[in-house]
Number of protein chains: 2
Amino acid sequence: MDQKPIPDIVIGRLPLYLRELQLMANGGRMITSSQELGEHLGISAAQIRKDLSQFGEFGKQGTGYEIDFLIENLRQILKVDRVWDMIVVGAGDIGSAIARYQGFEDRGFKVKAIYDNDPKKIGTKIGSFVVNDSANLGEDIREIDIQVAMIAVPGPYAQKVTEKLVEAGIKAILNYAPISINVPEGVRVQHTDPLTHLQRMTYYLD
Amino acid sequence: MDQKPIPDIVIGRLPLYLRELQLMANGGRMITSSQELGEHLGISAAQIRKDLSQFGEFGKQGTGYEIDFLIENLRQILKVDRVWDMIVVGAGDIGSAIARYQGFEDRGFKVKAIYDNDPKKIGTKIGSFVVNDSANLGEDIREIDIQVAMIAVPGPYAQKVTEKLVEAGIKAILNYAPISINVPEGVRVQHTDPLTHLQRMTYYLD
């Protein structure tokens, strides 16, 4: 029987559940409840139960969720029970911070290379990486079979870089450039722009 | 007459509309349509019309939206027709990137100061800022009457820093720490964690 696809907004909450559960597990906790998870995350317990029930039965009435078991299942659902190689395009402040960030691998990702088009940056070191020439981007992606990329280039370059990435086979892009990028069907994009987050909050300020 | 509050998910789309309109205006454009906006943003034209109609009548049937007029209105609605001072807590890679970022002021924000608790960082320069001692955080916030803060500290410090900020009067927090933070009613938080964005996309990959 065909199943209806699960709404992306539900998928978007699963990483938050996973992150919170992993924090609990790191603190030595074994069992939690949708109430407790909800309080930590600012999401209602009913919503959490409903979201999780789309994927199976993970909790028991009255006893709650076994944290390790739920973590294992969420990692499988989100496909982060493996490690995804990824590349970073743009070796400015943000790109460099990403390349140096140590928190990816525990959570399913590994930066393999960083690229820039600035001759002054190409060949310099960032953490353990040497900045590559973005002219070689397409070839490298095909060679090492990478599906995930982060874009941290200035806005005016973002769409062009995107097209190059997609052409070479990238299927998921996290975009730090302050501009919306367009991708063809079958490629996923997530945008992260501090300004859009900030502007969403000032609406509520006096 | 009392009005129903507008859903936060609608508020969350307005900064995207504003950003896209500003890009169009920078390119010399005068008029756009919900169709065109929608294509650029991956949001349906009907959704855009519905969202905007909650705040007034900004377009004309058949002629579309005057870009400058809609920008002016969105900036007023989001209260970014003024400049909000903000502080950055955490002078690591991300905090430093934020402090150096030049794109805030055009869009309603201005970094006033950056803080850290590491004696090796306090007193050093990041762009045009000298890193302040986070011991003085509360006092400074009260003195210069700041409502907006960004947190870019390691996860284990984030909740404690949050409490200090809230106690001093901060009302909006953009959190870069990879952990959910809890705030009392009346304080807004937005989280930005590359891992939750990435994990939301791998669900769809093979």
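Reading the values: the criteria
Residues numbered from 1 in each chain as written. Chains lettered and ligands numbered in written order. Predicted model: local features only at pLDDT ≥ 70, side-chain atom pairs only at ≥ 80, totals over all residues. Heavy atoms only, no water. Buried < 20%, exposed > 50% of the residue type's maximum accessible area, 1.4 Å probe, protein only. Helix = DSSP H or I, 4+ residues; strand = E, 2+ residues; numbered from the N terminus. Arc of directions from axis to C-beta. Contact = heavy atoms within 4.5 Å. Pairing = 2+ DSSP bridges. Phe/Tyr/Trp six-rings, centres within 6.5 Å; stacked < 30°, edge-to-face > 60°. Lys NZ or Arg CZ within 6 Å of the ring centre and 35° of its normal.

Peer 1: What should I look at first to understand helix 6 (residues 137–144) of chain B in this one?
Peer 2: Because each turn of an α-helix spans 3.6 residues, side chains separated by three or four positions end up pointing in the same direction. All names here are of chain B. Inspection of helix 6 places Leu137, Gly138 and Ile141 among the buried residues, and these make up the whole buried set. Angularly, the buried residues of helix 6 cover 100 degrees about the axis, an arc narrow enough to put them on a single face. Residues of helix 6 that are exposed and point over 90 degrees away from its buried face: Glu139 and Glu143. Among the structural elements, strand 4 (84–89), strand 5 (109–116), strand 8 (132–133) and helix 7 (155–168) are those in contact with the buried residues of helix 6. Following helix 6 by one or two positions, aspartate 145 has its phi on the positive side, about 55 degrees.

Peer 1: Help me understand the sheet that holds strand 2 (residues 59–60) of chain B, please; the structure alone is not making it clear to me.
Peer 2: Where strands meet in a sheet, backbone hydrogen bonds hold them as pairs that are either parallel or antiparallel. Residues and elements named next belong to chain B. Strand order in this open sheet of three strands is 1-3-2, and the pairing throughout is antiparallel. The strands lining the two open edges of the sheet, one partner per strand, are strand 1 (31–32) and strand 2. Bridge count between strand 2 and strand 3 (residues 64–66): two bridges; the pairing is antiparallel. The partner of glycine 59 across the bridge, within strand 3, is tyrosine 65.

Peer 1: Got a minute to help me understand the packing of aromatic side chains in this structure?
Peer 2: The geometry of an aromatic ring pair is captured by two quantities: the separation of the ring centres and the angle between the planes. Scanning all chains against the criterion turns up six aromatic pairs over all chains. With 5.0 Å between their ring centres and 85 degrees between their planes, B:Tyr101 and B:Phe104 make a pair best called edge-to-face. For B:Tyr101, a relative accessible area of 33% translates into the label partly exposed. Directly above the ring of B:Tyr204 sits A:Arg188, whose terminal nitrogen or CZ lies 3.6 Å from the centroid.

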